[in-house]
Amino acid sequence: QATSLWSGRRASVVAFEGARAGFEYLTRHLEQATLGTYWDYDDPQNPKRYQRRSELHFLIGNAAAITGNEANVTRAIFFQAPLGFTGQRGDGMPKDYRPLQDILNAVGFYVHFGPQEHLPGFVQNMVPERYRFRLMHFREPSEKLSLYARRKADGSPELSWLRDNLAAHSLPITENVVALVFRAKYPDGAAEAEAYEYDSANESHSATHHQLPPVVTVTMVVIDEASAARLQAHYGSTPPDLQIDDLFDGSGKIPSGRYDSDLQRLEEKLKECSVPLNYRIFSADVALRGARWSR
């Protein structure tokens, strides 16, 4: 019994250590988000006032709706950050951009359910299919940044800048992440206090238009590998129904305390699951260094 208990705990610790590393990787990237906001005339031909402008895009919302893929679950976040990542990594590749360490990248994080991918060709037929929830990292090389080319008639960015390139530039960073949640938090006294959705390009919300939220709460729910194996044995290749899709949802301002109540309901749903789940919840408030909140 002692050996069984030790083995189980050790496996759980190892699994959650990987999840913690993935969570810290996400938060380090998020705090570098930028919009490059500047002030310009409202109408260059007939100027009446200054207003905020930005060519960049900060987006939080339903993962399936944003990406156009039902296999992407819970919530997602996409933004730009000066990470200096280029596709010029292999030997013999031109290195024109590699010295530019602060060059801009399109970045995103979301949860995807599906079989294991990105395996070397010689082992693809040697390992069994593993259907898992995975935390995915979207990072578009700077020389392929398509944000500026995908614009609407009014100049705002189209979602095609991330949808068309999502699969080509996404890689898993940790497995068994069943839920990812983001909550934008505004300064005291702002018209909105908290929100589960955020779109800096949306002109109908003047307070958030071309602005970064000062703080984003990141919450990640992870199960261990044994729980994931039980889910696959029960559901097979079908995405497990954990009954949490209606949580952490809604546009605009959310009532005070909604986040805490949704988090409590999430834990209740996981405990009520027909398949026993061993889970852990990671959460942190991330201050965005590029945020310059103003009215």
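Source: prediction; values computed, not measured.

Caption draft 1: Here's a closer look at the sheet that holds strand β8 (residues 177–185). One open sheet accounts for four strands, arranged β9-β8-β11-β12; its pairing is antiparallel. Pairing within the sheet leaves two strands with one partner each, and these edge strands are β9 (194–195) and β12 (279–287). Of the strand pairs in this sheet, strand β11 (residues 215–223) and β12 are connected by nine bridges, and their pairing is antiparallel. Each residue of the ladder has a partner; that of V216, found in β12, is V286. Of the strands in this sheet, β8, β9, β11 and β12 touch helix α5 (residues 258–272), which is tilted by about 160° from β12.

Caption draft 2: Summary view of the pattern of salt bridges. Enumeration according to the criterion identifies eleven salt bridges in this entry. Here D246 ties to R265 by a salt bridge, and the two come within 3.5 Å at their closest N and O atoms. Note that D246 is positioned in the loop between α4 (225–235) and α5 and R265 in helix α5, a separation of 19 residues in sequence. Residue D246 is classed as partly exposed on the basis of its relative accessible area, which comes to 48%.

What counts, and where the lines are drawn
Residues numbered from 1 in each chain as written. Predicted model: local features only at pLDDT ≥ 70, side-chain atom pairs only at ≥ 80, totals over all residues. Heavy atoms only, no water. Pairing = 2+ DSSP bridges. Helix = DSSP H or I, 4+ residues; strand = E, 2+ residues; numbered from the N terminus. Contact = heavy atoms within 4.5 Å. Axes fitted to C-alpha atoms, helices over the stretch in contact; angles between N-to-C directions. Salt bridge = Lys/Arg side-chain N within 4 Å of Asp/Glu carboxyl O. Buried < 20%, exposed > 50% of the residue type's maximum accessible area, 1.4 Å probe, protein only.

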